[in-house]
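# Topology and contacts: notes
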Amino acid sequence: MRIDVRVDGHIKLIATNATSYIPTRIPSFCAGSSCHVELGDVTLHKIGQLRKLNQAIYPFSYNHTFYDDVLEIGELAKLVYFNDIVVGAVCCSVDHSQNQKRLYIVTLGCLTSYRRHGVGTAMLNHVLNICDKDDTFDNIYTHVQISNKSAINFYQRFRFAIIGTERNFYQELERPDAHVLQRSLHCQCVHLTRELQIAE
């Protein structure tokens, strides 16, 4: 089975069902202030770690083209370390669509055992910092399975809003529908939209 997801940016994703390894439990020494989260580059020597992470986090795997592209996108791809243990990763692409420059979050995930420890927040803050440095982006968006309530709530805490739903986005999964969540980066655009809605 295969999932073919095309984004109007550089990365093309083709996914097939794959088995995953069992995530490790949080070490007992990770307690209180002794724990810290940091981001690291995805290099040729670390691409294998990214591959294993994705196999553990997602119910499908990405093909060689995805990983080749990740090596070319620099700051748009990061591994995340929890007390020097790689536990998550974020990969983005630049998307020019709807007459806008948009940052698309292709993947953002961490091992189940390390959730609720600031890992996801660190990844999303990195994405937001990219847009702060490059103010030419109009918005950030991503797809999330409708059934993934925890992920939806996570993005909404960072001012992402559901702007649409795509049926059968994850065609080979049992629950294939996905919400499109977006965070607008230019406040004036939001105010203008509200004014137009009131006028109508």
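### Observations regarding the overall build of the protein
Assigned secondary structure in the protein consists of five helices and 10 strands. Here the protein holds 200 residues, and the buried ones make up 44% of them. Taking all contacts inside the protein whose residues are at least 6 apart in sequence as the whole, residues at least 24 apart take part in 65%. Total accessible area on the protein stands at roughly 11300 Å², and carbon and sulfur atoms take up 49% of it.

### A look at the pattern of salt bridges
Opposite charge on two side chains permits pairing when their charged atoms draw close. Using the criterion set out here, one finds four salt bridges in the structure. Between Asp41 and Lys78 there is a salt bridge, and its shortest N-O distance comes to 2.3 Å. Of the two residues, Asp41 is situated in strand β3 (residues 37–41) and Lys78 in strand β5 (residues 77–82); the sequence distance between them amounts to 37 residues. For Arg167, the salt bridge identified is with Asp177, shortest N-O distance 2.9 Å.

### A closer look at the packing of aromatic side chains
Under the counting rule described, the total for this entry stands at nine aromatic pairs. For the pair Tyr104 and Tyr141, a centre-to-centre distance of 4.7 Å together with 45° between the ring planes defines the contact as tilted. Of this pair, Tyr104 sits in strand β7 (residues 100–110) while Tyr141 sits in strand β8 (residues 139–145), placing them 37 residues apart in sequence. Note on Tyr104: relative accessible area 4%, which makes it buried.

### Some thoughts on the environment of Thr107
Checked against the element boundaries, Thr107 lands in strand β7. Looking at Thr107, the relative accessible area reads 2%, which means it is buried. Along the sequence, Thr107 and Ala89 sit 18 residues apart, while their C-alpha atoms lie 7.4 Å from each other. Discounting residues that sit within four places of it in the chain, Thr107 has contacts with Tyr58, Tyr62, Phe66, Ala89, Val90 and Cys91.

### So, helix α3 (residues 119–133)
Its 15 residues give α3 an end-to-end C-alpha distance of 22 Å, which sits within 8% of 21 Å, the value for a rise of 1.5 Å per residue. Of all the positions in α3, only Val119, Gly120, Ala122, Met123, Leu124, His126, Val127, Leu128, Ile130 and Cys131 are classed as buried.

### Focus: the pairing of strand β6 (residues 85–97)
Among the 13 residues in β6, 10 count as buried, and that is most of the element. Examined bridge by bridge, β5 and β6 share six bridges and lie antiparallel to one another. Paired with Ala77 across the two strands is Cys91, which belongs to β6. Remark: two residues form the turn of the hairpin made by β5 and β6, two consecutive strands paired antiparallel; Asn83 in that turn has positive phi of roughly 50°. Judged from the 10 bridges that link them, β6 and β7 form a sheet pairing that is antiparallel. Opposite Cys91, over in β7, you have Thr107 as the bridge partner.

### Some remarks on the sheet that holds β3
Strand-to-strand pairing in sheets goes through backbone hydrogen bonds, with the strands running parallel or antiparallel. Read from one edge to the other, the open sheet built from seven strands follows the order β3-β5-β6-β7-β8-β10-β9, with strand pairing classed as mixed. Strands with a single pairing partner mark the edges of an open sheet, and in this sheet they are β3 and β9 (161–166). Each strand axis lies, on average, 30° off the axis of its neighbour in the sheet, ignoring direction. The sheet contact formed by β8 and strand β10 (residues 178–184) spans seven bridges and is antiparallel. Of the residues in β10, the one forming a bridge with Thr142 is Leu181. Sitting on the sheet, helix α1 (residues 47–57) touches β5, β6 and β7, and the angle it makes with β6 is about 90°. Its contacts with the sheet put α3 on β3, β5, β6, β7, β8 and β10, and the angle it makes with β7 is roughly 165°.

The rules we used
- Residues numbered from 1 in each chain as written.
- Predicted model: local features only at pLDDT ≥ 70, side-chain atom pairs only at ≥ 80, totals over all residues.
- Heavy atoms only, no water.
- Helix = DSSP H or I, 4+ residues; strand = E, 2+ residues; numbered from the N terminus.
- Buried < 20%, exposed > 50% of the residue type's maximum accessible area, 1.4 Å probe, protein only.
- Contact = heavy atoms within 4.5 Å.
- Areas by Shrake-Rupley, 256 points an atom, 1.4 Å probe, with all protein chains shown as cover.
- Salt bridge = Lys/Arg side-chain N within 4 Å of Asp/Glu carboxyl O.
- Phe/Tyr/Trp six-rings, centres within 6.5 Å; stacked < 30°, edge-to-face > 60°.
- Expected span 1.5 Å × (residues − 1).
- Pairing = 2+ DSSP bridges.
- Axes fitted to C-alpha atoms, helices over the stretch in contact; angles between N-to-C directions.

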